[in-house]
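# Tertiary structure, described
Here are the chains, one letter per residue:
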Amino acid sequence: MRKNLFDLIALSGVLFVAIIIRISGHALQYVTPDDSVYLASCGLILHGYRPYVDFFLAHPPLYFWIVVGLWRVLNVNDPYIMWAIGKSVNIISFLGTTILIYLVGRKFHRYSGLIAAALYQFESFTYHNSIICAPSILATALLVTAFFLVIYKAPFPLVGLTLGLATSTRLSTLYALPAFGFYMLWLFQKKQITARTMVTTIILYIVPLLPLLFFPLDKLFFDLGTFHFIKGGVTPAYRLQKLVFSIIPMRIPLLCLGFGSLVYLKINRSPHFVLLAALSLSLLGPYLQSPIGSPHLLLEAIPFFVLLS
């Protein structure tokens, strides 16, 4: 009981400080080019324009629909409040991810949940991305939720549904699917799930993606696919070099710790730890694939590297 009380107080302290930092004037005034573009995209949807048809949108629509839905439900038209709501979706997602990291981490070790939660909350690069209007933090929260459901042995179809929602938010989450897929096959081989459960999982994964069928496939293919392969143009060697320089000086030292902890696989081959390692490595894919090699493409990987650390 005392241990749980200590954890609750410590986690509450981490979240309280994080909330104070993020609702400060700096958070609401912090603007990036993507921040502005994505908020403008929400505004166009609010006024009846169709993404991928009437204007370019580089990501799936779920995040934008959520923001627009909140605007309509709350009946707001003040631009500053609308901007704050867009940021709030990410801030709430970020705080939720922190709680999930704690709950997952404590399954591996007594204190690892608290340490991982604190590292994730106060890591500078993820801080800046948690206070802008962008789909990456929500997508990350959904990926961590899927892993949480696996760790806590929830019905596997719920994992499929959560991954479908993640893909409807940001296509970079596709890199996580092979890891979850092989884990599902391992469960089937061990007779812990049935073929019916596997089929149900796949169906529930597809359901959140069905609204995309209402948009022209050629435009979807360009906005969500081709565009991300043709922008920029630097070589794979340059991207790898940039990855190294993103890690070493200290934007993301957690990646260094995570890579180092992979040696633990030699003594711990538990399915959950193997899945964690596989997710961490596979989610480096968006960074290595992108021609621009921007560190923001590492955001989905960071929670899993935090847990490895």
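As a reminder, the structure under discussion sits directly above these lines.
Residues numbered from 1 in each chain as written. Predicted model: local features only at pLDDT ≥ 70, side-chain atom pairs only at ≥ 80, totals over all residues. Heavy atoms only, no water.

### Focus: the overall build of the protein chain
- Across its full length, the protein chain holds 17 helices and zero strands.
- Put simply, the protein chain has 309 residues, and 50% of those count as buried.
- Counted over contacts in the protein chain with a minimum sequence separation of 6, partners at least 24 positions apart contribute 76%.
- When the accessible surface of the protein chain is totalled, it reaches about 14,900 Å², and 72% of it is carbon and sulfur. (Helix = DSSP H or I, 4+ residues; strand = E, 2+ residues; numbered from the N terminus. Buried < 20%, exposed > 50% of the residue type's maximum accessible area, 1.4 Å probe, protein only. Contact = heavy atoms within 4.5 Å. Areas by Shrake-Rupley, 256 points an atom, 1.4 Å probe, with all protein chains shown as cover.)

### Comments concerning the packing of helix 8 (residues 136-151) against helix 15 (residues 271-282)
- In the contact formed by helix 8 and helix 15, the axes pass within 11 Å of each other and the chain directions differ by 170 degrees. Classified by the interaxial angle, the pair formed by helix 8 and helix 15 is roughly antiparallel. Between helix 8 and helix 15 the crossing geometry is right-handed. In this structure, helix 8 uses F147, V150 and I151 to contact helix 15, whose residues at the interface are H272, L275, L276 and L279. (Axes fitted to C-alpha atoms, helices over the stretch in contact; angles between N-to-C directions. Parallel < 35°, antiparallel > 145°, perpendicular 65-115°, else oblique. Left-handed = near helix turned anticlockwise from the far one by under 90°.)

### Details of the packing of aromatic side chains
- Under the counting rule described, the total for this entry stands at 11 aromatic pairs.
- A ring pair is formed by Y183 and W186, whose centres lie 5.9 Å apart and whose planes are at 25 degrees; its orientation type is stacked. Of the two residues, Y183 and W186 both sit in helix 10 (residues 177-189), three residues apart, roughly one turn of that helix.
- Chaining the aromatic ring pairs together yields one cluster made of Y38, Y63 and F64.
- Just above the ring of Y152 sits the side chain of K107; from NZ or CZ to the centre is 4.6 Å. (Phe/Tyr/Trp six-rings, centres within 6.5 Å; stacked < 30°, edge-to-face > 60°. Lys NZ or Arg CZ within 6 Å of the ring centre and 35° of its normal.)

So, to be careful, I would describe these as geometric facts and stop short of saying anything about function.
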